[in-house]
Amino acid sequence: MISLGDIYGKNILNKYSFNKVNYVDIYDSYGKVLAEDITSTMDIPFFSKSDKDGYAVVDLNLKHYTLIDEVLAGDMRDLKIEKGECIHVATGAKVPEGANYVIPIEYVEKSNNEIRLIGDIEETNIIKIGDDIKKNDKVLKKGTVITERNIGIIASLGIEKIKVYETPKVGIISTGNELNSIKDVNSKTIFSIVKKSNCQPIFIGSAKDDIDDLKSKINKALEHCDVIITSGGVSAGKKDYLPRVVSSMGKIIFHKVKMRPGMPMLFGEINEKPIFCMPGNVVSCLTCCYVFLLPFLRKMAHVPYSKKIVRARLSEDIPSEYGMTYFRPVKLKDGMAYPTFKGSNLITSIAYADGLIEIKEDETLKNKNDVVDVWVFE
Ligand code: AMP
Ligand code: MG
């Protein structure tokens, strides 16, 4: 059995990475991770434009101006104005050369072609070349996740094909002869965690407790996927063939972790691809997903990962076992943490919880009223 401390201390999971890149169309880029810095190739805006509907003028002191033309957005003519003249400009329209201010329409009186300024103007109401983005600025760094906010920068620069990290494909296999009578929960749980990690889940199928069937499903996953996740068949039961299967197809890196729930978990490698074999019990499976899989896959996907911790007061004692790390789900309310664990195979133990409490290997109890760190699900 391996401790959590050793798994992290010895960098067992951290050493894996996935660095394939490809180009995607900007419309398909949401949620992808930039595989290169984006440097601006131009000033944005590339012409001075009006921030308001109004009248472009050389100076404000004259107060009276003669209207000589009109520019709407998209009209790219090179116009000029002199003192005493004005040109009507729409919001976003190119401001004529020589203009230093745009007087908003609310600040003028107009009769025929004569414009009179009323009131005081404090802003120029002109957006200058490069006010938004300067040419040669590094506008987005490699590793940035493309969102609804920063995609506008890429779009402003007219970039249509974006170099991104390929999304790791994760093959999911559930195992167990019982899955023709009970519902397969774990494959959906794992599917969701994979999506939460910005990876692409592929459900390979559910395998019987049969060495050949397990091997053939794993081979299929190896063909299509970068990471493999199984559930069930990994503990010490008669039909738990996965340890044998993994060691015959590749190697076991660790099997059995000093944690509850989740003790039977196995991690290995086949054809240099990582394989996680999760326990069959649904809460154990999900706990291992939170503890190991989510951070692992986020790293593979180049998406930042950090634990969100809140402090809360425990509503009751939680005993644990010396030498084992315990993860216990809790519900949070008004600064209190209420334990919800009923059993490793009862999904409602965790389904309504807000986070997990970790009780370290060298502890045997968290006391009622202890202030504890709750690792909040996000
Ligand atoms: P195992 O680790 O294969 O012995 O599985 C332990 C228990 O977990 C089984 O008896 C099932 O009740 C349950 N189990 C295993 N796989 C699944 C699954 N995919 N969905 C729901 N429950 C499962
Ligand atoms: Mg089984």
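Structure: see above.
Okay, so let's go over this structure.

Comments concerning the site of ligand 1
Around ligand 1, a shell composed of 18 residues is seen, among which Glu 178, Asp 184, Val 185, Gly 233 and Gly 280 lie nearest. At a separation of 2.9 Å, a nitrogen atom of ligand 1 approaches a polar backbone atom of Val 185. A distance of 3.2 Å separates an oxygen atom of ligand 1 from a polar atom in the side chain of Asn 345. With the chains in place, 79% of the 480 Å² that ligand 1 exposes on its own is no longer accessible.

Remarks on the nonpolar core
Counting 47 residues, the largest nonpolar core has Phe 276, Met 278 and Phe 292 as the members making the most contacts within it. Counting residues per element, the ones that place at least two in this core are helix H1 (4-9), strand S13 (169-175), helix H3 (186-196), strand S15 (227-231), strand S19 (273-278) and helix H6 (282-300). Broken down by element, this core gets its largest block of residues, 14 residues, from H6. Phe 292 has contacts with Leu 4, Ile 7, Tyr 8, Leu 13, Val 257, Met 259, Met 265 and Phe 276, leaving out every residue within four places of it along the chain.

Some points on H6
The axis of H6 is deflected most strongly, by about 45°, at Cys 289. Buried residues dominate H6, accounting for 18 of its 19 residues. Taken from the residues just after H6, His 302 is the one with a positive phi, measuring 65°.

Concerning the layout of surface pockets
To find leftover empty space, one rolls a probe the size of a water molecule over the atoms. In this structure, the largest pocket spans a volume of roughly 530 Å³. In terms of lining residues, the largest pocket is bounded by 34 residues, among which Glu 178, Gly 232, Pro 279, Gly 280 and Asn 281 are the most central. For the lining of the largest pocket, the per-class residue count stands at 12 nonpolar, 14 polar and eight charged. The set of elements that each furnish at least two residues to the lining of the second largest pocket consists of H1 and H6. The leading source of residues in the lining of the second largest pocket is H6, at five residues.

Some remarks on the sheet that holds strand S5 (residues 64-71)
Spatially, six strands are ordered S7-S4-S6-S5-S9-S8 in an open sheet, and the strand pairing comes out mixed. Either end of the sheet is taken by a strand with one partner, and the two such strands are strand S7 (101-104) and strand S8 (108-111). Neighbour-to-neighbour, the strand axes of the sheet open up by a mean angle of 40°, direction not taken into account. Across five bridges, S5 lies against strand S6 (residues 85-89) in parallel orientation. When the bridges of S6 are listed, Asp 69 appears paired with Ile 87.

As for unusual backbone geometry
Between Ile 44 and the following residue, Pro 45, the backbone shows a cis peptide bond with an omega angle of -10°. Turning to its location among the elements, Pro 45 is positioned in the loop between strand S2 (38-39) and strand S3 (49-50). Backbone geometry at Asn 136 places phi at a positive 75°, although glycine is not the residue there. With respect to the helices, strands and loops of the structure, Asn 136 is situated in the loop between strand S10 (126-127) and strand S11 (138-140). With relative accessibility at 57%, the residue Asn 136 sits in the exposed group. The backbone of Glu 272 shows a phi angle near 65°, a positive value even though the residue is not glycine.

As for the packing of helix H4 (residues 211-224) against helix H5 (residues 242-249)
Remark: H4 packs on H5, axes separated minimally by 10 Å, with the N-to-C direction vectors making an angle of 50°. Classified by the interaxial angle, the pair formed by H4 and H5 is oblique. Seen from above, H4 lies across H5 with right-handed handedness. Between H4, through Ile 211, Leu 214, Lys 215, Ile 218, Asn 219 and Leu 222, and H5, the contact on the second element is made entirely by Leu 242, Arg 244, Val 245, Ser 248 and Met 249. Class assignment for the residues of the contact of H4 with H5 results in seven nonpolar, two polar and two charged.

Structural notes on the pattern of salt bridges
According to the stated counting rule, one finds 16 salt bridges in the structure shown. A salt bridge links Lys 20 to Asp 226, with the nearest nitrogen and oxygen atoms 3.9 Å apart. Here Lys 20 is found in the loop between H1 and strand S1 (21-25), whereas its partner Asp 226 is found in the loop between H4 and S15, with 206 residues between them in sequence. The closest approach of N and O atoms between Asp 25 and Lys 161, which form a salt bridge, is 3.3 Å. Here Asp 25 is found in strand S1, whereas its partner Lys 161 is found in strand S12 (residues 161-165), with 136 residues between them in sequence. When its relative accessible area of 25% is taken as the criterion, Asp 25 is described as partly exposed. Residues joined by salt bridges that share partners form a network here, namely Asp 69, Asp 75 and Arg 77.

What counts and how
Residues numbered from 1 in each chain as written. Chains lettered and ligands numbered in written order. Predicted model: local features only at pLDDT ≥ 70, side-chain atom pairs only at ≥ 80, totals over all residues. Heavy atoms only, no water. Near = heavy atom within 4 Å. Polar contact = N/O pair within 3.5 Å; in protein donor to acceptor, adjacent residues only side chain to side chain. Areas by Shrake-Rupley, 256 points an atom, 1.4 Å probe, with all protein chains shown as cover. Core = buried A, V, L, I, M, F, W, Y, C linked by side-chain atoms within 4.5 Å. Buried < 20%, exposed > 50% of the residue type's maximum accessible area, 1.4 Å probe, protein only. Helix = DSSP H or I, 4+ residues; strand = E, 2+ residues; numbered from the N terminus. Contact = heavy atoms within 4.5 Å. Bend = angle between axes of the 7 residues up to and from the residue. 1 Å grid on protein atoms, 1.4 Å probe; cavity = no way out; pocket = protein on both sides within 12 Å on 5 of 7 lines; lining within 4 Å. Points joined across faces, edges and corners; volume = space filled by probe spheres on them. Nonpolar A, V, L, I, M, F, W, Y, C, P; charged D, E, K, R; others polar. Pairing = 2+ DSSP bridges. Axes fitted to C-alpha atoms, helices over the stretch in contact; angles between N-to-C directions. Parallel < 35°, antiparallel > 145°, perpendicular 65-115°, else oblique. Left-handed = near helix turned anticlockwise from the far one by under 90°. Salt bridge = Lys/Arg side-chain N within 4 Å of Asp/Glu carboxyl O.

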